[in-house]
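# Structure assessment
Listed here are the chains, written in short residue letters.
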Amino acid sequence: MSNIPSFPYEILWEERQLVSVANLTRQDGIDFLGQVPAMGIVTKTTSYPLEQANRALSDLRAGCFEGAAVLVP
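Residues numbered from 1 in each chain as written. Predicted model: local features only at pLDDT ≥ 70, side-chain atom pairs only at ≥ 80, totals over all residues. Heavy atoms only, no water.

Moving on, we get to the pattern of salt bridges. Think of it this way: side chains of opposite charge can pair up when their charged atoms draw near. In this structure the tally under the stated criterion is two salt bridges. Residues K44 and E66 are paired through a salt bridge, measuring 2.9 Å at the closest nitrogen-oxygen approach. Of this pair, K44 sits in the loop between α2 (26-39) and β1 (45-49) while E66 sits in the loop between α3 (53-62) and β2 (68-72), and the two are 22 residues apart along the sequence. Its relative accessible area of 45% is what places K44 among the partly exposed residues. By relative accessible area, E66 is classed as exposed at 54%. A salt bridge links R55 to D59; its shortest N-O distance comes to 3.6 Å. One end of the pair, R55, and the other, D59, are both in helix α3, four residues apart, so they sit about a helical turn from each other. (Salt bridge = Lys/Arg side-chain N within 4 Å of Asp/Glu carboxyl O. Helix = DSSP H or I, 4+ residues; strand = E, 2+ residues; numbered from the N terminus. Buried < 20%, exposed > 50% of the residue type's maximum accessible area, 1.4 Å probe, protein only.)

Next up, the structure:
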């Protein structure tokens, strides 16, 4: 078999990441997050009490919600 040619993975699904940089301040983060609504970024979360962490994982595997599960202490 021949090798599969390599290509930049990020172009496959056009995935993006929000990452932090050590030289930013708390105010920089607050200012950035204040601009999020104008950028059209919408997050979807489903909250679970910490005691239901196993249920959150089960629901995630089953595709019961869209977005991220958030455990609330």
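A grouping of L18, F32, L33, M39 and I41 is seen on the molecular surface, where their side chains present a nonpolar patch of about 510 Å² in accessible area. Considering the arrangement of structural elements, one finds F32 in helix α2. F32 sits in the partly exposed class, given a relative accessible area of 31%. (Patch = residues over 30% accessible without salt bridge, like charges linked within 9 Å, V, L, I, M, F, W, Y side chains within 5 Å. Areas by Shrake-Rupley, 256 points an atom, 1.4 Å probe, with all protein chains shown as cover.)

The subject of this paragraph is the pairing of β1. Taken together, the five bridges between β1 and β2 define a ladder with parallel strand orientation. Its bridge partner lying in β2, T46 is registered against A69. At this point the chain moves from β1, through α3, to the parallel β2, and the crossover so formed is right-handed. (Pairing = 2+ DSSP bridges. Right-handed = clockwise from strand over helix to strand, strands pointing away.)

The subject of this paragraph is the environment of A69. Along the chain, the position of A69 falls in strand β2. In this structure, A69 is in contact with T46, Y48 and A56, ignoring residues within four places of it in sequence. (Contact = heavy atoms within 4.5 Å.)

This next bit is on the side chain of D59. Exposure remark for D59: the relative accessible area of 13% places this residue in the buried category. Apart from the residues within four sequence positions on either side, D59 is in contact with Y48, C64 and F65.

Looking now at the confidence of the model for the protein chain. When pLDDT is averaged along the protein chain, the result is 85; 88% of the residues meet or exceed 70. Of all helices and strands in the protein chain, the one with the weakest mean pLDDT is helix α1 (residues 10-13) (68), whereas β1 scores best (96). (pLDDT = per-residue confidence, 0-100.)

On to α2, then. Here α2 spans 20 Å end to end across 14 residues, near enough to the 20 Å set by a 1.5 Å rise per residue. One or two residues past the end of α2 sits G40, with phi positive at roughly 80°. (Expected span 1.5 Å × (residues − 1).)

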